[in-house]
Structure formats: structure tokens, C-alpha cells
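Here is how the chains run, residue by residue.
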Amino acid sequence: MLSEESIYNLIPQNIEKRHKPPRYISQFKNQLWLEQQPNKTKMKTMGPMKVVIPSPKTYLRKHSQEPRLPEKKSFEYPDGHRLPPIPQRKNCPAIPKHDTKNFIKQNVMRARSAKTTQLPPIAVDTVRGNCQLLENSGLLPKFLKKKEYGKVPSYILQKKAQITREEEANRLMAKDQPQKHTERLSSEDRDHILQGLKQNRDKLYQQFILLPLIIETISQKNRKSTLEQELSRLEKDIMLIETNPVIYIKRD
């Protein structure tokens, strides 16, 4: 535009030169170069700049690269001690005689005298061949062969002896006590009291069953605990009367 003829070119213009800012150079340049220098190797990819050409006089000669053996020397023992000479034929030790033992016959006798291993008897209880030990299947009457079969168990004898001792102690106590202070409860009264206790227990049990499943209020909780206490007390009284056929009551 400035080279063409124009009225704008009549007045010379001052063209400002743009100064280029200095190029950025890191302050760690030298440090980075020192860190990378040990990892670099000279002439690693392209090789040396000038290759040394071998001289034509130093050509490869025959057998030049074969290993050279040291000079031959006479053998000498390091400690100066030699092994004893090989014994002669007449000085050889006597060979032991061959054993005439018949191993085949010995194995046959051992096999005949060995005991056979008896497998435990089994019982097949399904069509598909499911089997189990016959002893644990319940088909063998092994309980009939026990020493205790047909005898009264020891715990029953102990219970009978305990009941006998209690009856004897109650009889002696009733005999020693004066008749004016105690009175024996008759069987009719005992049955009547026992029947009344059981009726009361049934009534309380019906009330306990009618309680709601979810107990939230304090009154419901108190009602439940009261019923439980009454039922436990009645159970103890019924058990006491049933286990003691002879009962004495105190006179007024």
C-alpha cells in the first residue's frame, strides 16, 4: 500500500519498530543438563565420527583366536603323598557266599499265614444301593445282648429308695409329734384341695391367654406379672400336694 501512489504517502510517516521480547530461558537449564548428562552415552546410535580403518598388515591369521594351552609339565602331587597301589588279584578279600534263601517260598508261607481283613457288615436299604453299617441300621438285636437288658435301671432304684426314706422319715416324724397339735389330712380333703387348686390354675390360665399380644400400658404389664406370679404359686402348691401323699396340718 505504501509503494503505490497515494495522497497518504505525501506525508512521511514514522514507522515504529516492534521490539521482540527476549526469549524465555529457564533458570534450571544448567541443572537439567547436569541431571540428564549421566544417562546419555556418546556415539550410541550413529557411531563415532571417524572410523579407524584397520591396517592391511594386521589381517586375521590362522589359529590366531584359538586358546593357547600352557606348557606341558610333569605331574606332581601337591602334598607329596601318593595313594597306595592297587591290590593284586591274590590279595583281594574273599567274596561272601551267595545266600540260598528262597524268597518266593517265604512270601508264599507269609501269605498263607496272614490273617484276612474282615470288612464290617453293611445293609442296603434303597433300590439305588445306598448302604450303611449293619450295626447302626437297627436291624441287629444288639440291645438284647447287653448285660443290663431286662434289669431295672439304677436311677429308678435310687428314686424308689429315696421315696422309701422320705416315707419312713414322715412316718417317724408323725409318730414323734404329739397328736394334739397336728392332724393328718384325709385323702378326700387332699383330693378336694388338689381339685380346687387345679380349677383356680385353669381360670388364671384362661385369663392369661386372653391378654393382648402387644402389651404397652403399665396396667397391662402389671396384670401380666400378677398372673404369672399366681400361676407359678399354684403350680408349686399342686406339685407339693401331688408328691406328698401324707400331709399333716396344724390344728387351731
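Note that this is a predicted model, so its numbers are computed, not measured.

## Comments concerning the overall build of the protein chain
Reasoning step 1: Helix and strand content of the protein chain: five helices and four strands.
Reasoning step 2: For the protein chain, the succession of helices and strands along the chain, N to C, is α-α-β-β-α-β-α-α-β.
Reasoning step 3: The proportion of buried residues among the 252 residues of the protein chain is 6%.
Reasoning step 4: Looking at the protein chain alone, contacts between residues at least 24 apart form 50% of all its contacts between residues at least 6 apart.
Reasoning step 5: As presented, the protein chain carries roughly 26,700 Å² of accessible surface, and 57% of it is formed by carbon and sulfur atoms.
Reasoning step 6: Here the protein chain contributes 48 positive and 28 negative side-chain charges, whose respective centroids are spaced 20 Å apart.

## Description of the pattern of salt bridges
Reasoning step 1: Scanning the entire structure with this criterion turns up seven salt bridges.
Reasoning step 2: We note a salt bridge from Arg-190 to Asp-191, for which the minimum N-O separation is 3.7 Å.
Reasoning step 3: Residue Glu-242 pairs with Lys-198 through a salt bridge whose shortest N-O separation is 3.4 Å. Separated by 44 residues along the polypeptide, Glu-242 in helix α5 (residues 218-243) and Lys-198 in helix α4 (residues 187-209) bring together distant segments of the chain.
Reasoning step 4: What makes Glu-242 partly exposed here is its relative accessible area of 39%.

## Looking at a nonpolar patch on the surface
Reasoning step 1: On the surface, Ile-7, Tyr-8, Leu-10 and Ile-11 cluster together into a nonpolar patch covering about 550 Å² of accessible area.
Reasoning step 2: One can find Ile-7 in the segment before α1 (29-36).

## Looking at unusual backbone geometry
Leave glycine aside and you will find that most residues have negative phi; peptide bonds, for their part, are mostly trans.
Reasoning step 1: Its identity as a non-glycine residue notwithstanding, His-63 has a phi of 60 degrees, on the positive side.
Reasoning step 2: With respect to the secondary-structure elements, His-63 resides in the loop between α1 and α2 (103-113).

## Looking at the packing of α4 against α5
Reasoning step 1: Packing of α4 against α5 leaves a shortest axis separation of 10 Å and a crossing angle of 155 degrees. Considering their axes alone, α4 and α5 lie roughly antiparallel with respect to each other. Here the hand of the crossing between α4 and α5 comes out left-handed. Where α4 approaches α5, its residues Arg-190, Ile-193, Leu-194, Leu-197, Lys-198, Asn-200, Arg-201, Leu-204, Tyr-205, Gln-207 and Phe-208 are matched on the opposing element by Arg-223, Lys-224, Leu-227, Glu-228, Glu-230, Leu-231, Leu-234, Glu-235, Asp-237, Ile-238, Ile-241 and Glu-242.

## Describing the UniProt feature "coiled-coil region" (unreviewed entry) in the protein chain
Reasoning step 1: Taking the UniProt record as the reference, the feature "coiled-coil region" (unreviewed entry) is found at residues 217-244.
Reasoning step 2: For residues 217-244, the end-to-end C-alpha separation is 41 Å, with 93% helix and 0% strand making up the annotated structure.

## A look at the layout of surface pockets
Reasoning step 1: As a volume, the largest pocket reaches approximately 220 Å³.
Reasoning step 2: Sorting elements by how many residues they give to the lining of the largest pocket places helix α3 (residues 154-176) first, with six residues.

## Some words on the nonpolar core
Reasoning step 1: Leu-185, Leu-194, Leu-197, Leu-204, Leu-211, Leu-227, Leu-231, Leu-234, Ile-238, Ile-241 and Ile-247 together form the largest nonpolar core, which totals eleven residues.
Reasoning step 2: Sorting the residues of this core by element identifies α4 and α5 as the ones contributing at least two each.
Reasoning step 3: The element best represented in this core is α5, accounting for five residues.
Reasoning step 4: Contacts of Leu-234, omitting those with residues within four sequence positions, involve Leu-197, Asn-200, Arg-201 and Leu-204.

## Here's the deal with α2
Reasoning step 1: Counting buried residues along α2, only zero of its eleven residues qualify, which leaves the element largely exposed.
Reasoning step 2: The distance from a side-chain oxygen at the start of α2 to the backbone nitrogen of Ile-104 is 3.3 Å, and the residue carrying that oxygen is Asn-102.

The rules behind the values
- In every chain, residue numbers begin from 1 and rise along the written sequence.
- With the structure being a predicted model, the display of local features is reserved for residues of pLDDT at least 70 and the display and counting of side-chain atom pairs for 80 or more, all residues being used for whole-chain, interface and lining totals.
- Just so you know, side-chain values use all the structure's heavy atoms and leave hydrogens and water out.
- Numbered from the N terminus, helices here are DSSP runs of H or I no shorter than four residues, and strands are runs of E no shorter than two.
- For every residue, the accessible area obtained with a 1.4 Å probe (protein chains only) is divided by the maximum for its type, and the residue is called buried under 20%, exposed over 50%, and partly exposed between those limits.
- Residues are treated as being in contact if the distance between any of their heavy atoms lies within 4.5 Å.
- Reported accessibility uses the Shrake-Rupley method at a 1.4 Å probe radius. Residues are deemed covered only where the shown protein chains occlude them.
- None of His or the chain ends enter the tally, which takes Lys and Arg as positive and Asp and Glu as negative.
- For the purpose of locating charges, the reference atoms are NZ of Lys, CZ of Arg, CG of Asp and CD of Glu.
- Salt bridges are defined by distance alone: a side-chain nitrogen of Lys or Arg within 4 Å of a carboxyl oxygen of Asp or Glu.
- A patch consists of residues whose relative accessible area exceeds 30% and which take part in no salt bridge; residues with like charges are grouped when within 9 Å of each other, and nonpolar side chains (Val, Leu, Ile, Met, Phe, Trp, Tyr) when within 5 Å.
- What counts as an axis is a line fitted to C-alpha atoms, over the stretch in contact for a helix, and the angles between N-to-C directions run from 0 to 180 degrees.
- Roughly parallel means an angle under 35 degrees; roughly antiparallel means over 145; roughly perpendicular covers 65 to 115; every other angle is labelled oblique.
- Should the near helix be turned anticlockwise from the far one by less than a right angle, the crossing is left-handed, and should it be turned clockwise, the crossing is right-handed.
- UniProt positions are given in the numbering used here, feature names are shortened, and annotations may be inferred rather than shown by experiment.
- Here a cavity means grid points, on a 1 Å grid over the protein atoms only, where a 1.4 Å probe fits yet cannot get out; a pocket means an open set of points with protein on both sides within 12 Å along at least five of seven lines; lining residues are those with an atom within 4 Å of a point.
- Grid points are joined across faces, edges and corners, and a volume is the space filled by probe spheres set on the points.
- To define a nonpolar core, start from buried Ala, Val, Leu, Ile, Met, Phe, Trp, Tyr and Cys residues and group those joined through side-chain atoms within 4.5 Å.
- Pairing of N or O atoms within 3.5 Å defines a polar contact, subject to two protein rules: one partner must be a possible hydrogen donor and the other a possible acceptor, and residues neighboring in sequence count only if both atoms are side-chain atoms.

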